[in-house]
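Next come the chains, spelled out residue by residue.
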Amino acid sequence: MMKTKKIKKKIFLRKNIVIIGGGGGASSLLSTLKNLVYDKKISSLTSLITNADDGGSTGKIRKWYNTSAWGDITKNILALVDNRKVHLQFLTEALKCRFNYGDFKGHTLRNILLTGISQLNNCNDDCAIQEIKYILGIDKNLIVTPITSVPVNLKFTSKIPFKIHGNKRKVKVLIGQKKISVDLPIQNITNNIDDYDISVFSEKKKVLLHKNARNALEKSDCIIISPGHTHGSILAALCTPNLHKYIKNKKLLYIIPFFNRTALYQTNRWNCSDYIKIYNKYLKRDPDYVIINNKYNIRVRGHKWVKNDIRKNNIMQYKLISTNLVAKSKIKKSNCPKTKTDTVVRTPIGFEKKKMLHILTKIFR
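About the criteria used
Residues numbered from 1 in each chain as written. Predicted model: local features only at pLDDT ≥ 70, side-chain atom pairs only at ≥ 80, totals over all residues. Heavy atoms only, no water. Helix = DSSP H or I, 4+ residues; strand = E, 2+ residues; numbered from the N terminus. Rg over C-alpha atoms; globule rule 2.2 N^0.38 Å. Buried < 20%, exposed > 50% of the residue type's maximum accessible area, 1.4 Å probe, protein only. Contact = heavy atoms within 4.5 Å. Areas by Shrake-Rupley, 256 points an atom, 1.4 Å probe, with all protein chains shown as cover. Lys, Arg positive; Asp, Glu negative; His and termini not counted. Charge placed at Lys NZ, Arg CZ, Asp CG, Glu CD. Pairing = 2+ DSSP bridges. Axes fitted to C-alpha atoms, helices over the stretch in contact; angles between N-to-C directions. Polar contact = N/O pair within 3.5 Å; in protein donor to acceptor, adjacent residues only side chain to side chain. Left-handed = near helix turned anticlockwise from the far one by under 90°.

Counting its secondary structure elements, the chain contains 13 helices and twelve strands. Taken over C-alpha atoms, the radius of gyration comes to 21 Å for the chain, in line with the 21 Å a tight globule of 365 residues would show. If one aligns the C-alpha atoms of the chain with their principal axes, the spans along those axes are about 90 × 60 × 40 Å. For the chain, buried positions account for 50% of its 365 residues. Considering only residue pairs separated by 6 or more positions, the chain has 77% of its internal contacts joining residues 24 or more positions apart. Put simply, the chain shows about 20100 Å² of open surface, and 50% of that area lies on carbon and sulfur atoms. One finds the centroid of the 68 positive side-chain charges in the chain at a distance of 6 Å from the centroid of its 24 negative side-chain charges.

Structural data, given as structure tokens:
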């Protein structure tokens, strides 16, 4: 008898996926899922990025040119480049590099390039994003867009008066994404998330969902809240006015961060249920799925693991996926010159992309 070859069954999911969240966490998810679009296994993948970043290179460019908050937007765009296109690897790497000297000190080439394109006649921020995608050969169904229609300011409002560094008087309000995400010791003020609120505003225009964000949410089949900085990135996006209305009847998934940084005193000693509670506060509903890491055998100075405490709860409205997600391979070394101008502290360990892809693919079905 002739042996018949086994034909691998192709998976066609035909889903529209939306990611909401931070820079590093969202870009890692995009790089994990992008080939599902390139291989035509899902219809679209969209990343909705907070437009509130006002620090570093992004903050300066916002002030000078009144642009969107480019930093996380450009980072997410580069994550979508098809790695199989070898001729783009050198350009992609160069766009990530940060300048060390002169007038460009502290700026990335990617931020400068998008700013330049956005300043052309008959172009704007949306046009600049489309042009850089075209230059990099990114599929039209891989989308990155600010979540708000205009650049915004991040606002922390507390029921309890508090002092900030360098100010003798107590205040109840602090404005600025950099100040809130880096300088504000929230847990010295309160451990109750109902004692404070995160919001966004613009002094010039009414803050609305960006039209591209609204369109993506309306046609989405699954919405993922990615890992990221809780108050500076995640909540800065989740507090967008009327966002919760577009998530009401969608499949919703939370990916809980691996670490909290004790030095910041913002999410010190938080467990899985604390993140779910604060996300629910802004989205006004429970998720359908929660993904949490369950291996804590690596020690990282200045960080503590976020542990799963959900099993202690009597009622669960969602499916919990608890597994070892810690990346086995080391982060690829960058060819960019070393720089001291980028002082943002980032998560030291990423998730295992193959395992995350397997989990998410099953959920998309």
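Across the sheet, which stays open at both edges, the seven strands sit in the order β3-β2-β1-β7-β8-β10-β12 with parallel pairing between neighbours. Strands with a single pairing partner mark the edges of an open sheet, and in this sheet they are β3 (142-146) and β12 (319-323). Each strand axis lies, on average, 20 degrees off the axis of its neighbour in the sheet, ignoring direction. Relative to strand β10 (residues 289-293), strand β8 (residues 251-255) runs parallel, the two being bridged by three bridges. Along β10, the bridge assignment pairs I255 with I291.

With that settled, consider the side chain of Q266. Structurally, Q266 is set in the loop between β9 (259-261) and α12 (272-283). In this structure the side chain of Q266 is engaged in a polar contact, spanning 2.5 Å, whose partner is the backbone oxygen of I180. Side-chain polar atoms of Q266 contact the side chain of H231, separated by 3.3 Å. Aside from chain neighbours lying at most four places away, what touches Q266 is I180, S181, L184, I186, Q187, H229 and H231.

Moving on, we come to the packing of helix α10 (residues 230-238) against α12. At their nearest, the axes of α10 and α12 sit 9 Å apart, and the two run at 35 degrees to each other. Taken as a pair, α10 and α12 cross one another with a handedness that is right-handed. Two secondary-structure elements touch here, α10 through T230, H231, I234, L235 and L238 and α12 through Y275, I278, Y279, Y282 and L283.

It is worth spelling out the pairing of strand β6 (residues 196-201) at this point. The two faces of β6 differ: Y196, I198 and V200 on one face are buried, but D197, S199 and F201 on the other face are not. Bridge count for strand β4 (residues 153-162) against β6 is six bridges, and the pairing is antiparallel. Note that in β6 the partner of T157 across the bridge is D197.

Next up on the list: unusual backbone geometry. Here K40, not a glycine, exhibits a phi torsion of approximately 60 degrees, which is positive. Inspection of the secondary structure puts K40 in the loop between α1 (23-38) and β2 (44-49). Not every positive phi belongs to a glycine, and K284 is a case in point at roughly 60 degrees. Looking at the secondary structure, you find K284 in the loop between α12 and β10.

Time to look at the side chain of N16. Within the secondary structure, N16 is located in strand β1 (residues 16-21). Judged by its relative accessible area of 15%, N16 is buried. Of note is the side chain of N16, whose polar atom sits 2.7 Å from the side chain of S44.

Below, the discussion takes up the sheet that holds β4. The antiparallel open sheet is built from three strands, whose spatial order is β5-β4-β6. Bordering the open sheet on either side are β5 (171-175) and β6, each of which pairs with just one other strand. Strand-to-strand, the axes of this sheet are offset by a mean angle of 20 degrees, without reference to chain direction. Bridging between β4 and β5 involves four bridges; their strand directions are antiparallel. By the bridge assignment, F162 is partnered in β5 with V171. Sitting on the sheet, α10 touches β4 and β6, and the angle it makes with β6 is about 65 degrees.

Along the chain, K140 falls in the loop between α6 (125-135) and β3. Separated by 96 residues in sequence, K140 and S44 place their C-alpha atoms 8.6 Å apart.

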